[in-house]
Amino acid sequence: MKIKKFIAANMKEGTELIKKELGNDAVILSNRPTKTKTGMDAVEIVAGLETIKSPQENNKMSQENTKTSHPNLLLNSLDNTLNQKLFAEVNSIKSIIADVYENVKYKYIGTMTEPLSRIYKIMKDSDFSEDMCLNIIGKISAKGLANDYKKAINEARKLLLADISFVNLINDEQKNDKTKQIITFIGSAGCGKTTALIKIAIGAKLINEAKVLVISTDTFRVGATEQLQMLTGIAGINFINTYSNEELSKVLNEETKYDMIFIDTEGKNPNNKSEINDLLALQDTINTMSMYNNKTNLILSATSSLSFLSSNIRGYSSLDISSAIITRTDESFGLGNVITALHNKDIPISYFSNGQRIPDDIEQANNDILNEYLFAIR
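In short, a report on the structure. Given the structure is predicted, the values throughout are model-derived calculations rather than measurements. (Residues numbered from 1 in each chain as written. Predicted model: local features only at pLDDT ≥ 70, side-chain atom pairs only at ≥ 80, totals over all residues. Heavy atoms only, no water.)

As for a nonpolar patch on the surface
Residues Met1, Ile3, Val27 and Leu29 make up a contiguous nonpolar surface patch of about 380 Å² in total accessible area. Within the element layout of this structure, methionine 1 appears in the segment before strand S1 (2-8). Relative accessible area serves as the criterion here: at 48%, methionine 1 is assigned to the partly exposed category. (Patch = residues over 30% accessible without salt bridge, like charges linked within 9 Å, V, L, I, M, F, W, Y side chains within 5 Å. Areas by Shrake-Rupley, 256 points an atom, 1.4 Å probe, with all protein chains shown as cover. Salt bridge = Lys/Arg side-chain N within 4 Å of Asp/Glu carboxyl O. Helix = DSSP H or I, 4+ residues; strand = E, 2+ residues; numbered from the N terminus. Buried < 20%, exposed > 50% of the residue type's maximum accessible area, 1.4 Å probe, protein only.)

Structural data, given as structure tokens:
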């Protein structure tokens, strides 16, 4: 583009000067007031004209552009090389971290045969404690099964199942048994008490043909009473809400026509002594009902950590626990956490709850069912 500055008395005169010198295709780029050397008012106009280059000039420019693009190509090439090296280093670091994690998690694997190392990893992935894993591996090895995976894994299952006992919460002969039962559900908040209770209560009514009453003592959780009342209403089961141990005692003394009474409690913190004392007072109230066979069930979620489950069992140990009901088994990756927590605690398992469908998703606990949930084998 050809650019030139013009000084004129006014814009009209300046425009004429531009046309005369640059032609009609010229473009005014800017204008501003100014003064001549003699001090007279004037206007400064900057105008430009786009010039058409010859083929030779265009070719020259193209060559120059090509030359200037070479450094860009080189930079792009360097960038790609650096990116590739960076990605390779990141992947290498990831691999190292994965190896370190595996060495930490499976720190004893290097001392085992291949079949035993597979079983050790399965148990660790299924949330068994380190001590229990090594104990089982040691017993398998002592039996001379260290090099036979199939026999070794079967032996591991056998050893683990031998430590767990089971109990029927509701006797199969309940409809012919004249003994009335009070079944209480306790556990930390969110463990699945209410859902497990209504499933078992419906089963008692339909399968055992029992006269069933459900009582809620949960006055703390918002909507807890309404939820349970709705579920019992759908199932055609009578429901009563009580707000104190005195009210509960009165209901239990008056409602003697029922074969089975299920009591729902609010979630309690097992590490809070005051809250545990509340449950002890509740249990004492129930134990005064001599015409009833009383059972208290601890609800444990299979998705909880081993430390949390152990804390629960330890915190509730001052109560008389009849059985454990394991919930959310369908959401867990093996039951190593539950089995480890229950180890040597003399608490049998009565049910596995494996979903939200009421009353379908619940199973009477036994060796075969536990065997299905035991390991997280992928």
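The rest of the description comes next.
Things to note about the sheet that holds strand S8 (residues 292-301)
Pairing between the strands of a sheet is mediated by backbone hydrogen bonds and can be parallel or antiparallel. The strand order across the open sheet formed by 8 strands is S6-S5-S7-S4-S8-S9-S10-S11, and the pairing between neighbours is mixed. Each edge of the open sheet carries a strand with a single partner, namely strand S6 (238-241) and strand S11 (362-364). Neighbour-to-neighbour, the strand axes of the sheet open up by a mean angle of 25°, direction not taken into account. Packed on one face of the sheet, helix H6 (residues 193-206) meets strand S4 (180-186), strand S5 (212-216), strand S7 (260-264), S8, strand S9 (323-327), strand S10 (349-353) and S11 and runs near 170° to S7. With respect to the sheet, helix H9 (residues 273-287) is in contact with S4, S7 and S8, its orientation differing from that of S4 by roughly 175°. (Pairing = 2+ DSSP bridges. Axes fitted to C-alpha atoms, helices over the stretch in contact; angles between N-to-C directions. Contact = heavy atoms within 4.5 Å.)

Some remarks on the packing of aromatic side chains
What the rule picks out here adds up to 3 aromatic pairs. Both rings, one in phenylalanine 185 and one in phenylalanine 262, keep their centres 6.3 Å apart while their planes meet at 35°; by these two values the pair is tilted. Pair noted here: phenylalanine 185 is in strand S4 and phenylalanine 262 is in strand S7, with a separation of 77 residues, a long-range link. When the ring centre of tyrosine 149 is taken as origin, the NZ or CZ atom of arginine 118, which lies over that ring, is 3.7 Å away. (Phe/Tyr/Trp six-rings, centres within 6.5 Å; stacked < 30°, edge-to-face > 60°. Lys NZ or Arg CZ within 6 Å of the ring centre and 35° of its normal.)

A look at the side chain of lysine 295
Its place among the elements puts lysine 295 in strand S8. Polar contacts involving the side chain of lysine 295 include one to the main-chain carbonyl oxygen of leucine 169, which spans 2.8 Å. (Polar contact = N/O pair within 3.5 Å; in protein donor to acceptor, adjacent residues only side chain to side chain.)

Things to note about unusual backbone geometry
One non-glycine residue, aspartate 127, lies in the positive phi region at around 70°. Look at arginine 328: it is not a glycine, yet its phi comes out positive at around 60°. One can find arginine 328 in the loop between S9 and helix H11 (336-342). Overall, arginine 328 belongs to the partly exposed group, its relative accessible area being 27%.

Description of helix H8 (residues 245-254)
Note on helix geometry: an α-helix contains 3.6 residues per turn, so any two residues three or four positions apart are oriented the same way. Every buried residue belonging to H8 is among Leu248, Val251 and Leu252, and all of these are buried. Buried residues of H8, seen end-on, are gathered within an arc of 95° and therefore sit on one face of the element. Of the residues in H8, the exposed ones pointing more than 90 degrees away from the buried face are Glu246, Lys250 and Glu254. Its buried side turned inward, H8 meets S4, S5, S6, S7, H9 and S8. (Arc of directions from axis to C-beta.)

Digging into the environment of serine 311
Looking at the element boundaries, serine 311 is found in helix H10 (residues 306-315). A relative accessible area of 11% places serine 311 in the buried class. For the pair formed by serine 311 and asparagine 269, sequence separation is 42 residues and the distance between their alpha carbons is 9.8 Å. For serine 311, the residues in contact, after removing those within four places along its chain, are Pro270 and Asn271.

A short note on the pattern of salt bridges
Applying the stated criterion across every chain yields a total of 9 salt bridges. The residue glutamate 21 makes a salt bridge to lysine 4 at a minimum N-O spacing of 1.8 Å. Of this pair, glutamate 21 sits in helix H1 (residues 11-22) while lysine 4 sits in strand S1, placing them 17 residues apart in sequence. Shared partners join several salt bridges into a network, and the residues in it are Lys5, Arg32 and Glu44.

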